[in-house]
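Results of the structural survey
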Amino acid sequence: MATASAPDGEWRPRFNPWLIAVSVMLGTFMEVLDTSVANVALPHIGGSLSATPEEATWVLTSYLVSNAIILPTTAWLSAAFGRKRFLLTCIVLFTVSSAVCGAATSLGMLIVARVVQGVGGGALQPIAQAILMESFPPARRGVAMATFSMGVIVAPILGPTLGGWITDQYTWRWVFYINLPIGIVATLMVFSIIEDPPYLERTRLRRMDFLGFGFMSVGLGALQIMLDKGQEADWFSSSFIRTLAVISVLAMVAFVIRELTTDEPVVRFAVLADRNFAVGTMMITVLGFVIYGTTAMLPLFLQTLLGYSALDSGLAVSPRGMGAMVSAMVVGRLIGVVDSRLLIATGFGAMAISGWMFGHLTLEIAKSNIVFASVINGAASGLIFVPLSTTVMAYLPRERLQQATGIYNLMRNIGAGIGISLMTTFLARSTQAHQARLITHLTPYDARYQEWLQTARSALAAHGNPYTAASQAMALLYGMVLRQATLLAFLDNFRLISLAAVICVPLVLLFRRSRPRVAR
């Protein structure tokens, strides 16, 4: 259904904004879901294609690298080729490459298809966000961002659960095949409903800064590979990781200098001159760190220490998605009624509380405690994301929304990569540190140690081989120490996540109050 023209002469889309929202969010939800749904299937992919676990992780790395490179160039590519045409191309590319991923007969074929899939998926998030911000009037942009949050917050939370169920019930190939019907419907809806606003027509570009694009591609690619492979290669003890770090820093410095000095940059850093956007970009990076760090740690905690299956752990944390969905819809209607800065601060406060709750888990914790903390965590995500997305764009003119959303979504993804990488590294290192500390209490001079060991030996000897009882008792004790050390490492990570959320609370004072100007 077409909408009436705006009374003030501003451009308005011909179709209902909600129909536009469904059109663009189908592709976005499909793309974001794909970033997390494949994680669960990695062991099955490796076994099916005769690949080691280390080789199989390139299925994720290859996608993230190409995805990161495309994200900040979305504005330029949209201006050069037309946003609607570019969006259609991306959806078709993502859908076709998903079919190739599902039909892959070798790891090399799958990795190449994932690279192409990342290229197609990289632009879907920023384009969807920009279209939603343009299609809804300023007073209803909170509702628009609530809709957008369904894709970027809820999808990665539900991804592991859906991926585990599909892999267990069918095969890993259906993790990619499920994109086909969604992609076809999204293509038809975008072709029929989405239109380019006139001010995008006036700003189309033809010349590309290939040198700047090259610097950016090398810098972001090296950074993403370093984050993904750092723990596996023992970080800076590895010459490979040190080389990637140097290449990333030099390439990104060269990229920034190039973009600030050329007449037609691929990425326009001028949007960072807006205080709200600069502060919000920093906060979305931290939010990516917090959300994805929690997403990586919580299922791992449930599976390694509490013995949950992949599906059961997914079901235990899936209430995060419900909490995020409900809070996003409620907060979307509060935008303009309640000061967005208060909503953001409350959200980060609730995020810190949920991190504190996760930081006090035990090995005897009930599932209900996990669910309760997960709901608070999910509700906090929606409480932050919706007002933050409207606040950072509040003072930007419409012509710059596409440029801003590309940078904004890139920094969220980088924060997510840093969060997953650091949490994985800290878990391994902290487990070793706690284990070394706990073992110092296991000495022949400790009466409780001697008493426990004697009791265990007697019990094992009475129900098994008395000659191996002593070694079995020591093995049992070592297993207990390792579980406790791992538990303490998980708690350290959750407390770090809580601290990161707390730090963001006072930063909301740097925002100007969101009173959007009349779009130009």
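Residues numbered from 1 in each chain as written. Predicted model: local features only at pLDDT ≥ 70, side-chain atom pairs only at ≥ 80, totals over all residues. Heavy atoms only, no water.

Below, the discussion takes up the packing of aromatic side chains. Tallied over the full model, the rule gives seven aromatic pairs. With centroids separated by 6.2 Å and ring planes inclined at 35°, the aromatic side chains of Trp235 and Phe236 adopt a geometry described as tilted. For Trp235, a relative accessible area of 12% corresponds to the buried category. A relative accessible area of 48% places Phe236 in the partly exposed class. Both rings, one in Phe358 and one in Phe494, keep their centres 5.3 Å apart while their planes meet at 35°; by these two values the pair is tilted. Taken together, the positions of Phe358 in helix H17 (residues 340-358) and Phe494 in helix H21 (residues 469-504) put the pair 136 residues apart, joining distant regions of the chain. Exposure class is identical for Phe358 and Phe494. Each is buried. Taking the ring centre of Phe191 as reference, the NZ or CZ of Lys84 above it sits at 5.4 Å. Taking NZ or CZ as reference, Arg512 lies 4.0 Å from the ring centre of Tyr395, over its face. (Phe/Tyr/Trp six-rings, centres within 6.5 Å; stacked < 30°, edge-to-face > 60°. Buried < 20%, exposed > 50% of the residue type's maximum accessible area, 1.4 Å probe, protein only. Helix = DSSP H or I, 4+ residues; strand = E, 2+ residues; numbered from the N terminus. Lys NZ or Arg CZ within 6 Å of the ring centre and 35° of its normal.)

Attention now moves to the pattern of salt bridges. Applying the stated criterion across every chain, the model contains three salt bridges. A salt bridge links Arg429 to Asp234; the shortest N-O distance between them is 2.9 Å. Taken together, the positions of Arg429 in helix H19 (residues 401-439) and Asp234 in the loop between helix H12 (210-229) and helix H13 (239-261) put the pair 195 residues apart, joining distant regions of the chain. Residue class for Arg429 comes out partly exposed when judged on its relative accessible area of 35%. When its relative accessible area of 39% is taken as the criterion, Asp234 is described as partly exposed. Ionic pairing is found between Asp274 and Arg512, a salt bridge with its closest N-O pair at 3.3 Å. In this pair, Asp274 is assigned in the loop between H13 and helix H14 (275-304) and Arg512 in the segment after H21, connecting sequence segments 238 residues apart. (Salt bridge = Lys/Arg side-chain N within 4 Å of Asp/Glu carboxyl O.)

Core analysis: the largest hydrophobic core is formed by 120 residues, its most contacted members being Leu132, Phe277, Met283, Leu388 and Met393. When residues in this core are grouped by element, the largest group, 13 residues, is from H14. If we skip the residues at most four places from it in the chain, Leu132 touches Ala21, Val24, Met25, Ala144, Met145 and Phe148. With 19 residues, the next largest nonpolar core counts Ala38, Ala41, Ile166 and Trp172 among its residues. (Core = buried A, V, L, I, M, F, W, Y, C linked by side-chain atoms within 4.5 Å. Contact = heavy atoms within 4.5 Å.)

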